[in-house]
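Structure assessment
What follows is each chain in one-letter form.
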Amino acid sequence: MEAFFISTGLVAIAEIGDKTNILAMVLATRYRQPLPIILGILVATLANHALAASVGAAVAAWIGPDAMRWILGVLFVVMAGWCLIPDKEDDGPKSIGKLGAFLATAVAFFLVEMGDKTQLATVALAARFHSVVLVTAGTTAGMLLANVPAVLFGDVIARRVSLKLVRALAAVSFLVLGALTLMGVDMGLF
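Residues numbered from 1 in each chain as written. Predicted model: local features only at pLDDT ≥ 70, side-chain atom pairs only at ≥ 80, totals over all residues. Heavy atoms only, no water.

Re the overall build of the protein chain
- A count of helical and extended segments in the protein chain gives eight helices and zero strands.
- Each helix and strand of the protein chain, ordered N terminal to C terminal, gives the series α-α-α-α-α-α-α-α.
- When the 190 residues of the protein chain are sorted by exposure, 46% land in the buried category.
- Long-range contacts, defined here as pairs at least 24 residues apart, represent 91% of the contacts in the protein chain between residues at least 6 apart.
- In the structure as shown, the protein chain presents an accessible area of about 9200 Å², 72% of it carried by carbon and sulfur atoms. (Helix = DSSP H or I, 4+ residues; strand = E, 2+ residues; numbered from the N terminus. Buried < 20%, exposed > 50% of the residue type's maximum accessible area, 1.4 Å probe, protein only. Contact = heavy atoms within 4.5 Å. Areas by Shrake-Rupley, 256 points an atom, 1.4 Å probe, with all protein chains shown as cover.)

Let's talk about the packing of aromatic side chains
- Scanning the model with the defined rule gives one aromatic pair in all.
- Seen from their ring centres, Phe-4 and Phe-5 are 5.3 Å apart, and the 75° between their planes marks the pair as edge-to-face.
- Here Phe-5 falls in the exposed class, since its relative accessible area comes to 53%. (Phe/Tyr/Trp six-rings, centres within 6.5 Å; stacked < 30°, edge-to-face > 60°.)

Some points on the confidence of the model for the protein chain
- Confidence in the prediction for the protein chain averages 80 pLDDT; 83% of positions are at 70 or higher.
- Of all secondary-structure elements in the protein chain, the lowest mean pLDDT belongs to helix H4 (residues 65-83), at 74, while helix H3 (residues 34-63) reaches the highest, 90. (pLDDT = per-residue confidence, 0-100.)

Things to note about unusual backbone geometry
- Non-glycine residue Arg-32 carries a positive phi angle of around 50°.
- Phi angles above zero are rare outside glycine, and His-130 is one such case at about 55°.
- Residue position: His-130 is located in the loop between helix H6 (117-129) and helix H7 (132-160).
- Its relative accessible area of 45% is what places His-130 among the partly exposed residues.

Describing the packing of H3 against helix H5 (residues 101-113)
- Put simply, H3 and H5 touch, their axes get as near as 7 Å, and they point 35° apart. Between H3 and H5 lies a crossing whose hand is right-handed. Of the residues in H5, those in contact with Pro-36, Ile-37, Leu-39, Gly-40, Ile-41, Val-43, Ala-44, Ala-47, Asn-48 and His-49 of H3 are Ala-101, Phe-102, Thr-105, Ala-106, Phe-109, Phe-110 and Glu-113.
- Residue composition of the contact of H3 with H5, grouped by class: twelve nonpolar, four polar and one charged. (Axes fitted to C-alpha atoms, helices over the stretch in contact; angles between N-to-C directions. Left-handed = near helix turned anticlockwise from the far one by under 90°. Nonpolar A, V, L, I, M, F, W, Y, C, P; charged D, E, K, R; others polar.)

Re the packing of H3 against H6
- Between H3 and H6, whose axes approach to 7 Å, the crossing angle comes to 40°. Viewed along their axes, H3 and H6 adopt a mutual orientation that is oblique. Pair H3 / H6 crosses with right-handed handedness. On H6, the residues touching Asn-48, His-49, Ala-52, Ala-53, Gly-56, Ala-57 and Ala-60 of H3 are Thr-118, Gln-119, Thr-122, Val-123, Ala-126 and Ala-127. (Parallel < 35°, antiparallel > 145°, perpendicular 65-115°, else oblique.)

Overview of the side chain of Thr-118
- With respect to the helices and strands, the residue Thr-118 is situated in helix H6.
- A residue is classified by how much of its surface remains accessible, and Thr-118, at 1% relative accessible area, is buried.
- The residues contacting Thr-118, other than those within four sequence positions of it, are Val-11, Ala-14, Glu-15, His-49, Glu-113 and Met-143.

Focus on the environment of Ile-37
- Mapped onto the fold, Ile-37 is located in helix H3.
- For the pair Ile-37 and Ala-104, spaced 67 residues apart in sequence, the C-alpha to C-alpha distance is 8.3 Å.
- The contact partners of Ile-37, leaving out residues within four places of it in the chain, are Leu-27, Ala-28, Tyr-31, Ala-101, Thr-105 and Val-151.

Overview of the side chain of Asn-21
- In this fold, Asn-21 is placed in helix H2 (residues 19-31).
- Contact partners of Asn-21, with chain neighbours within four places excluded, come to Glu-15, Ile-16, Ala-146, Asn-147 and Ala-150.

Thoughts on H5
- The end-to-end C-alpha distance of H5 is 18 Å, a good match for the 18 Å that 13 residues give at a rise of 1.5 Å each.
- Inspection of H5 places Ala-101, Ala-104, Thr-105, Ala-106, Ala-108, Phe-109, Val-112 and Glu-113 among the buried residues, and these make up the whole buried set.
- Among the residues trailing H5, Gly-115 stands out with phi positive, at a value near 75°. (Expected span 1.5 Å × (residues − 1).)

Shown next, in the form of C-alpha coordinates:
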(Lines give C-alpha, C1' and ligand atoms only; values in the text may rest on other atoms or scores of the structure.)
Protein backbone atom coordinates (compact mmCIF):
# COMPACT_ATOMS: atom_id res chain seq x y z
CA MET A 1 0.00 0.00 0.00
CA GLU A 2 3.02 2.30 0.35
CA ALA A 3 3.13 2.53 -3.44
CA PHE A 4 -0.46 3.77 -3.50
CA PHE A 5 -0.06 6.35 -0.73
CA ILE A 6 3.28 7.75 -1.88
CA SER A 7 2.05 7.94 -5.49
CA THR A 8 -1.12 9.69 -4.38
CA GLY A 9 0.67 12.23 -2.22
CA LEU A 10 3.44 13.08 -4.66
CA VAL A 11 1.12 13.55 -7.61
CA ALA A 12 -1.50 15.47 -5.62
CA ILE A 13 1.10 17.98 -4.46
CA ALA A 14 2.92 18.17 -7.80
CA GLU A 15 -0.34 18.65 -9.70
CA ILE A 16 -1.41 21.83 -7.91
CA GLY A 17 -0.68 24.72 -10.25
CA ASP A 18 0.29 22.32 -13.05
CA LYS A 19 -1.03 22.93 -16.56
CA THR A 20 -3.65 20.18 -16.19
CA ASN A 21 -4.79 21.81 -12.94
CA ILE A 22 -5.20 25.08 -14.82
CA LEU A 23 -6.94 23.19 -17.64
CA ALA A 24 -9.43 21.78 -15.10
CA MET A 25 -10.31 25.34 -14.03
CA VAL A 26 -10.64 26.49 -17.64
CA LEU A 27 -12.91 23.55 -18.55
CA ALA A 28 -15.03 24.14 -15.43
CA THR A 29 -15.47 27.78 -16.39
CA ARG A 30 -16.25 26.96 -20.00
CA TYR A 31 -18.67 24.04 -19.56
CA ARG A 32 -20.05 24.52 -16.03
CA GLN A 33 -20.72 20.75 -15.85
CA PRO A 34 -18.56 19.40 -13.01
CA LEU A 35 -19.51 15.70 -13.20
CA PRO A 36 -18.66 15.14 -16.90
CA ILE A 37 -15.41 17.08 -16.43
CA ILE A 38 -14.42 15.02 -13.37
CA LEU A 39 -15.26 11.78 -15.19
CA GLY A 40 -13.22 12.95 -18.19
CA ILE A 41 -10.24 13.63 -15.89
CA LEU A 42 -10.64 10.16 -14.34
CA VAL A 43 -10.78 8.31 -17.67
CA ALA A 44 -7.90 10.26 -19.23
CA THR A 45 -5.69 9.87 -16.17
CA LEU A 46 -6.36 6.14 -15.83
CA ALA A 47 -5.47 5.58 -19.48
CA ASN A 48 -2.41 7.84 -19.49
CA HIS A 49 -0.98 6.72 -16.16
CA ALA A 50 -1.64 3.01 -16.76
CA LEU A 51 0.43 3.33 -19.93
CA ALA A 52 3.15 5.28 -18.08
CA ALA A 53 3.23 2.84 -15.14
CA SER A 54 3.50 -0.12 -17.53
CA VAL A 55 6.51 1.49 -19.19
CA GLY A 56 8.10 2.18 -15.80
CA ALA A 57 7.63 -1.38 -14.56
CA ALA A 58 8.98 -2.83 -17.82
CA VAL A 59 12.08 -0.62 -17.71
CA ALA A 60 12.73 -1.55 -14.07
CA ALA A 61 12.56 -5.26 -14.87
CA TRP A 62 14.93 -4.83 -17.82
CA ILE A 63 17.61 -2.65 -16.20
CA GLY A 64 18.22 -4.28 -12.83
CA PRO A 65 18.02 -2.94 -9.27
CA ASP A 66 21.44 -1.26 -8.88
CA ALA A 67 21.30 0.76 -12.10
CA MET A 68 17.62 1.47 -11.51
CA ARG A 69 18.33 2.91 -8.05
CA TRP A 70 20.72 5.49 -9.54
CA ILE A 71 18.47 6.33 -12.49
CA LEU A 72 15.43 6.78 -10.23
CA GLY A 73 17.33 8.77 -7.63
CA VAL A 74 18.58 11.22 -10.23
CA LEU A 75 15.14 11.34 -11.91
CA PHE A 76 13.43 12.20 -8.60
CA VAL A 77 15.99 14.97 -7.93
CA VAL A 78 15.45 16.38 -11.45
CA MET A 79 11.69 16.28 -10.88
CA ALA A 80 12.22 18.26 -7.67
CA GLY A 81 13.79 21.03 -9.75
CA TRP A 82 11.08 20.77 -12.39
CA CYS A 83 8.40 21.31 -9.72
CA LEU A 84 9.86 24.74 -9.01
CA ILE A 85 9.22 25.90 -12.60
CA PRO A 86 5.66 27.23 -12.95
CA ASP A 87 3.51 26.04 -15.82
CA LYS A 88 1.84 28.55 -18.08
CA GLU A 89 -1.85 28.58 -18.81
CA ASP A 90 -1.22 28.68 -22.57
CA ASP A 91 0.60 25.32 -22.48
CA GLY A 92 -2.74 23.57 -22.96
CA PRO A 93 -4.66 22.99 -26.18
CA LYS A 94 -5.60 26.16 -28.02
CA SER A 95 -9.09 25.00 -28.93
CA ILE A 96 -11.14 22.20 -27.48
CA GLY A 97 -13.81 22.43 -30.14
CA LYS A 98 -17.52 21.87 -29.75
CA LEU A 99 -17.30 18.47 -28.11
CA GLY A 100 -19.22 17.65 -24.99
CA ALA A 101 -17.66 18.39 -21.61
CA PHE A 102 -16.70 14.73 -20.94
CA LEU A 103 -15.09 14.03 -24.31
CA ALA A 104 -13.37 17.42 -24.44
CA THR A 105 -11.94 16.88 -20.96
CA ALA A 106 -10.84 13.29 -21.61
CA VAL A 107 -9.07 14.16 -24.86
CA ALA A 108 -7.52 17.39 -23.55
CA PHE A 109 -6.29 15.82 -20.29
CA PHE A 110 -4.83 12.77 -22.03
CA LEU A 111 -2.92 14.93 -24.53
CA VAL A 112 -1.79 17.62 -22.09
CA GLU A 113 -0.55 14.97 -19.64
CA MET A 114 1.80 13.47 -22.27
CA GLY A 115 5.36 14.22 -21.16
CA ASP A 116 4.13 16.15 -18.12
CA LYS A 117 5.93 15.83 -14.79
CA THR A 118 3.11 13.78 -13.27
CA GLN A 119 3.24 11.30 -16.17
CA LEU A 120 7.00 11.01 -15.80
CA ALA A 121 6.56 10.67 -12.05
CA THR A 122 4.21 7.76 -12.75
CA VAL A 123 6.87 6.06 -14.87
CA ALA A 124 9.45 6.53 -12.11
CA LEU A 125 7.10 5.47 -9.31
CA ALA A 126 6.10 2.28 -11.13
CA ALA A 127 9.77 1.49 -11.70
CA ARG A 128 10.46 2.14 -8.02
CA PHE A 129 7.55 0.18 -6.56
CA HIS A 130 7.12 -2.53 -9.24
CA SER A 131 3.33 -2.19 -9.09
CA VAL A 132 1.48 -0.90 -12.13
CA VAL A 133 -1.92 -1.22 -10.45
CA LEU A 134 -1.10 0.49 -7.14
CA VAL A 135 0.91 3.28 -8.77
CA THR A 136 -1.76 3.91 -11.42
CA ALA A 137 -4.45 3.94 -8.74
CA GLY A 138 -2.36 6.23 -6.56
CA THR A 139 -1.36 8.71 -9.25
CA THR A 140 -4.95 8.80 -10.50
CA ALA A 141 -6.18 9.46 -6.96
CA GLY A 142 -3.57 12.22 -6.66
CA MET A 143 -4.75 13.80 -9.92
CA LEU A 144 -8.33 13.71 -8.69
CA LEU A 145 -7.40 15.13 -5.27
CA ALA A 146 -5.79 18.11 -6.99
CA ASN A 147 -8.19 18.59 -9.88
CA VAL A 148 -11.66 17.93 -8.45
CA PRO A 149 -11.39 20.95 -6.13
CA ALA A 150 -10.06 22.95 -9.10
CA VAL A 151 -13.19 22.02 -11.05
CA LEU A 152 -15.53 22.74 -8.14
CA PHE A 153 -13.85 25.74 -6.48
CA GLY A 154 -11.18 26.96 -8.91
CA ASP A 155 -11.70 30.70 -8.48
CA VAL A 156 -11.59 30.61 -4.68
CA ILE A 157 -8.56 28.28 -4.55
CA ALA A 158 -6.55 30.37 -7.01
CA ARG A 159 -6.94 33.43 -4.79
CA ARG A 160 -6.09 31.73 -1.46
CA VAL A 161 -3.35 29.12 -2.10
CA SER A 162 0.25 30.15 -2.69
CA LEU A 163 1.38 28.19 -5.74
CA LYS A 164 5.01 28.97 -4.86
CA LEU A 165 4.55 27.18 -1.54
CA VAL A 166 2.85 24.21 -3.20
CA ARG A 167 5.62 23.93 -5.81
CA ALA A 168 8.23 24.10 -3.03
CA LEU A 169 6.47 21.31 -1.08
CA ALA A 170 6.33 19.15 -4.20
CA ALA A 171 10.01 19.81 -4.88
CA VAL A 172 11.00 18.88 -1.33
CA SER A 173 8.92 15.66 -1.55
CA PHE A 174 10.64 14.58 -4.76
CA LEU A 175 14.04 15.64 -3.41
CA VAL A 176 13.60 13.53 -0.25
CA LEU A 177 12.48 10.52 -2.28
CA GLY A 178 15.45 11.01 -4.64
CA ALA A 179 17.94 11.33 -1.78
CA LEU A 180 16.59 8.23 -0.02
CA THR A 181 16.74 6.30 -3.29
CA LEU A 182 20.33 7.41 -4.03
CA MET A 183 21.41 6.52 -0.47
CA GLY A 184 19.95 3.06 -0.96
CA VAL A 185 17.57 3.42 1.99
CA ASP A 186 15.37 0.35 2.03
CA MET A 187 11.88 1.55 2.78
CA GLY A 188 10.51 -1.91 2.09
CA LEU A 189 9.63 -0.74 -1.40
CA PHE A 190 12.01 -2.81 -3.57
